Amino acid sequence: MADDDAKRAANARFERLSRLLDEALDLPESARGAFVHQSADDDPELLAAALAALADEPEPAADLRRQVAAALEGPPGPPEYARTAERCGPWRLLHSIGSGGMGEVFLAERADGAFEQRAAVKLLPAAVRTRELGLRLERERQILARLEHPSIARLIDGGVAADGTPYLALEYVEGVPIDGFCAEAGLTLPAKLAIFLKMCDAVAYAHAHLVVHRDLKPTNVLVTREREVKHLDFGIAKLLEEDDLGLTRSVDHLLTPRYAAPEQIEGRPATTATDVHALGLLLFELLTGERPFGVQTTSALSLAREIVERQPERPSQLALSSWVETDLGL
């Protein structure tokens, strides 16, 4: 029992650090240190681990989390998946391609000899497995099973590995987060809007099937080289027609504050308007290259207050101000 309590405490601490880093990395580099100091001043060891991780940024999120885990727990042992889940059903795990509050995602290949296929396999390693996360993974499978849209990564398979690890096999998407793609490709305004409209079409399709995503953000919307849009990660999505079995009351730690709607900040029920709000935030970024909230914010509390209370500047006004400053050499 003591070991279980210690593991739960370590997991909770790791989740806190993971959220702290996610929020810090969304801030301008000059504001990250102050934000971390303010948010973790009650835990010197946590603060030191966060600052050490930020010092080596940028890194992939998975590497960053492993570095944080090492700072908190000492030298790492073999990865959990390597010890217990090299195979998940017919899938052979190749390497990690992402991690978060809902477990870890691996690039995998079909290993049963039936045919060749690659997939993104999401699983819940034993170290983070809880009854709630298991229910969420099952809920995600139920949601994806009812969604068939070219701009939503499709469900391929799902089940439980031989060692008891629950998993989902999803369409593997080789793409770039939508904000990075638009910036790096130097797209024109009509081209950006064309991509955004594909995103809107997928969200409208999900809503027509009574599904609210609740976590739309650049890293959950990838764009391929062919400029096709793919929505990912329905891990905290909600079926509007069903009772949430208490799951929606405990998603605060799984949200991305910078892309949350006011009702999510205030703990009110999510509706289709929640996703529409996120679409507006993403369009603002695509059009201006700036975020509507939290540009100068250094604390989670002030960000939350800003989202709930402040009306952001219109993208057209921000673009005009930028044009004037550039044109006049200000």
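1. Here's the deal with the overall build of the chain
So, step 1. The number of helices and strands found in the chain is 12 helices and 11 strands.
So, step 2. Sorting the 330 residues of the chain into buried and exposed places 42% on the buried side.
So, step 3. Excluding contacts between residues fewer than 6 apart, the proportion of contacts in the chain whose partners are at least 24 apart in sequence is 61%.
So, step 4. Entry remark: accessible area of the chain is about 16,900 Å², with carbon and sulfur atoms responsible for 53%.

2. Some points on the pairing of strand 4 (residues 118-123)
So, step 1. Within strand 4, five of the six residues are buried, which leaves it mostly tucked inside the rest of the structure.
So, step 2. One ladder, built from six bridges, connects strand 3 (residues 103-110) with strand 4; its direction is antiparallel. Bridge pairing links alanine 108 to alanine 119 in strand 4.

3. Structural notes on the sheet that holds strand 9 (residues 221-223)
So, step 1. Judged by pairing direction, the sheet is antiparallel, and its three strands sit side by side in the order 7-9-10 without closing on themselves. Only two strands of the sheet have a single partner each, and these edge strands are strand 7 (176-177) and strand 10 (229-231).
So, step 2. Pairing geometry for strand 9 and strand 10, over three bridges, is antiparallel. Residue pairing in the sheet places valine 221 in a bridge with histidine 231 of strand 10.

4. Section: the confidence of the model for the chain
So, step 1. Chain-level statistics for the chain give a pLDDT mean of 76 and a share of 71% at 70 or above.
So, step 2. pLDDT under 50 marks residues 57-64. Its contacts with residues more than four places away, or in other chains, come to nine contacts.
So, step 3. Of the regions scoring below 50 in pLDDT, residues 244-253 engages in 18 contacts with residues more than four places distant in sequence or in other chains.

5. Some thoughts on helix 8 (residues 189-208)
Note on helix geometry: an α-helix contains 3.6 residues per turn, so any two residues three or four positions apart are oriented the same way.
So, step 1. Spanning 20 residues, helix 8 covers 28 Å between terminal C-alpha atoms, matching the ideal 28 Å at 1.5 Å per step.
So, step 2. Within helix 8 the residues assigned to the buried category are Ala191, Lys192, Ile195, Phe196, Met199, Ala202, Val203, Tyr205, Ala206 and His207.
So, step 3. Looking at the buried side of helix 8, the elements it contacts are helix 7 (178-185), strand 8 (211-212), strand 9, strand 10 and helix 10 (272-288).
So, step 4. Just downstream of helix 8 lies leucine 210, where phi reads positive at about 65 degrees.

6. Observations regarding the packing of helix 7 against helix 8
So, step 1. In contact at an axis separation of 11 Å, helix 7 and helix 8 are set at 165 degrees when each is read in the N-to-C sense. As far as their axial angle goes, helix 8 and helix 7 are roughly antiparallel. The hand of the helix 7/helix 8 crossing is right-handed. Within the contact between the two elements, helix 7 uses Ile178, Phe181 and Cys182 and helix 8 uses Lys192, Ile195 and Met199.
So, step 2. Within the contact of helix 7 with helix 8, the residues separate by chemical class into five nonpolar, no polar and one charged.

7. Things to note about the packing of aromatic side chains
So, step 1. Following the criterion strictly, the structure yields zero aromatic pairs and no others.
So, step 2. Between the NZ or CZ atom of arginine 110 and the centre of the ring of tryptophan 91, over which it lies, the distance is 5.2 Å.

8. Focus on the environment of alanine 119
So, step 1. Topologically, alanine 119 is positioned in strand 4.
So, step 2. Its relative accessible area of 0% is what places alanine 119 among the buried residues.
So, step 3. Each C-alpha atom of the pair alanine 119 and leucine 93 lies 9.4 Å from the other, and the pair is 26 residues apart in sequence.
So, step 4. In contact with alanine 119, not counting residues within four places along its chain, are Trp91, Phe106, Leu107, Ala108, Ile156, Ala169, Leu170 and Tyr172.

Definitions and cut-offs
- Residues numbered from 1 in each chain as written.
- Predicted model: local features only at pLDDT ≥ 70, side-chain atom pairs only at ≥ 80, totals over all residues.
- Heavy atoms only, no water.
- Helix = DSSP H or I, 4+ residues; strand = E, 2+ residues; numbered from the N terminus.
- Buried < 20%, exposed > 50% of the residue type's maximum accessible area, 1.4 Å probe, protein only.
- Contact = heavy atoms within 4.5 Å.
- Areas by Shrake-Rupley, 256 points an atom, 1.4 Å probe, with all protein chains shown as cover.
- Pairing = 2+ DSSP bridges.
- pLDDT = per-residue confidence, 0-100.
- Expected span 1.5 Å × (residues − 1).
- Axes fitted to C-alpha atoms, helices over the stretch in contact; angles between N-to-C directions.
- Parallel < 35°, antiparallel > 145°, perpendicular 65-115°, else oblique.
- Left-handed = near helix turned anticlockwise from the far one by under 90°.
- Nonpolar A, V, L, I, M, F, W, Y, C, P; charged D, E, K, R; others polar.
- Phe/Tyr/Trp six-rings, centres within 6.5 Å; stacked < 30°, edge-to-face > 60°.
- Lys NZ or Arg CZ within 6 Å of the ring centre and 35° of its normal.

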